[in-house]
Amino acid sequence: KLSGNSINQGKLARIINIIIDKNQLAVIWRRLLIAGTRFPDTLGMQLLPLLWGVKVLLCDDTTVQAGEFIRKIYPLLDKNNKIKTQGDSMKIMIKK
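Everything quoted here is computed from the prediction, not taken from an experiment.

A. Up close: the overall build of the protein. When helices and strands are counted, the protein shows six helices and zero strands. Traced from its N-terminal end to its C-terminal end, the protein shows the element sequence α-α-α-α-α-α. The buried share of the protein, reckoned over its 96 residues, is 31%. Sequence separation of at least 24 residues holds for 59% of the intrachain contacts in the protein that already meet a minimum separation of 6.

In structure tokens:
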């Protein structure tokens, strides 16, 4: 179990960062977004960098899950992360 103590949280954060940096499969992004939506105050906060990745937000296979994730996590964000998320979303809308 990777939730609970700070050592396991550190391991989980490293795993998530590797996945965010290296993954190219939409199915993995989708599953992470679903899990982050289900647990926004814990896993969701660790998955926040997914919202800043254009490929995740533009992919047809992940747009619905990304929208659900944003709806769940947005109220939990601090002002700086809200501004960053809004800015990145605007860039994507312009690209489409």
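B. Highlighting the packing of helix α2 (residues 26–38) against helix α5 (residues 63–73). Here α2 crosses α5 at 25 degrees, and the two axes come no closer than 9 Å. By the angle between their directions, the pair α2 and α5 is classed as roughly parallel. Taken as a pair, α2 and α5 cross one another with a handedness that is left-handed. Within the contact between the two elements, α2 uses Arg30, Leu33, Ile34, Gly36 and Thr37 and α5 uses Gln65, Ala66, Glu68, Phe69 and Lys72. For the contact of α2 with α5, a count of residues per class yields four nonpolar, three polar and three charged.

C. Here's a closer look at a nonpolar patch on the surface. A cluster of nonpolar side chains, contributed by Leu25, Val27 and Ile28, occupies part of the molecular surface with about 260 Å² of accessible area. Looking at the element boundaries, Leu25 is found in the loop between α1 (6–22) and α2.

D. Broad picture of the environment of Ala13. By secondary structure assignment, the location of Ala13 is in helix α1. Relative accessible area serves as the criterion here: at 25%, Ala13 is assigned to the partly exposed category. Residues Ala13 and Gln46, spaced 33 residues apart in sequence, show a C-alpha to C-alpha distance of 6.7 Å.

E. Structural view of the environment of Val27. Along the polypeptide, Val27 turns up in helix α2. For the pair Val27 and Asp61, spaced 34 residues apart in the sequence, the C-alpha separation amounts to 7.4 Å.

F. Structural context of α2. For α2, with 13 residues, the first-to-last C-alpha span of 18 Å sits near the 18 Å given by 1.5 Å per residue. Looking at α2, one finds that the buried residues are Ala26, Trp29, Leu32, Leu33, Gly36 and Thr37. Take α2 and look down its axis: the buried residues cluster within an arc of 135 degrees, on one side only. Facing away from the buried side of α2 by more than 90 degrees, the exposed set consists of Val27, Arg31 and Arg38.

G. Up close: the pattern of salt bridges. Per the counting criterion, the structure on display carries one salt bridge. Here Arg71 ties to Glu68 by a salt bridge, and the two come within 2.5 Å at their closest N and O atoms. With Arg71 and Glu68 both in helix α5 and three residues apart, the pair spans about one turn of that helix.

About the thresholds
Residues numbered from 1 in each chain as written. Predicted model: local features only at pLDDT ≥ 70, side-chain atom pairs only at ≥ 80, totals over all residues. Heavy atoms only, no water. Helix = DSSP H or I, 4+ residues; strand = E, 2+ residues; numbered from the N terminus. Buried < 20%, exposed > 50% of the residue type's maximum accessible area, 1.4 Å probe, protein only. Contact = heavy atoms within 4.5 Å. Axes fitted to C-alpha atoms, helices over the stretch in contact; angles between N-to-C directions. Parallel < 35°, antiparallel > 145°, perpendicular 65-115°, else oblique. Left-handed = near helix turned anticlockwise from the far one by under 90°. Nonpolar A, V, L, I, M, F, W, Y, C, P; charged D, E, K, R; others polar. Patch = residues over 30% accessible without salt bridge, like charges linked within 9 Å, V, L, I, M, F, W, Y side chains within 5 Å. Areas by Shrake-Rupley, 256 points an atom, 1.4 Å probe, with all protein chains shown as cover. Salt bridge = Lys/Arg side-chain N within 4 Å of Asp/Glu carboxyl O. Expected span 1.5 Å × (residues − 1). Arc of directions from axis to C-beta.

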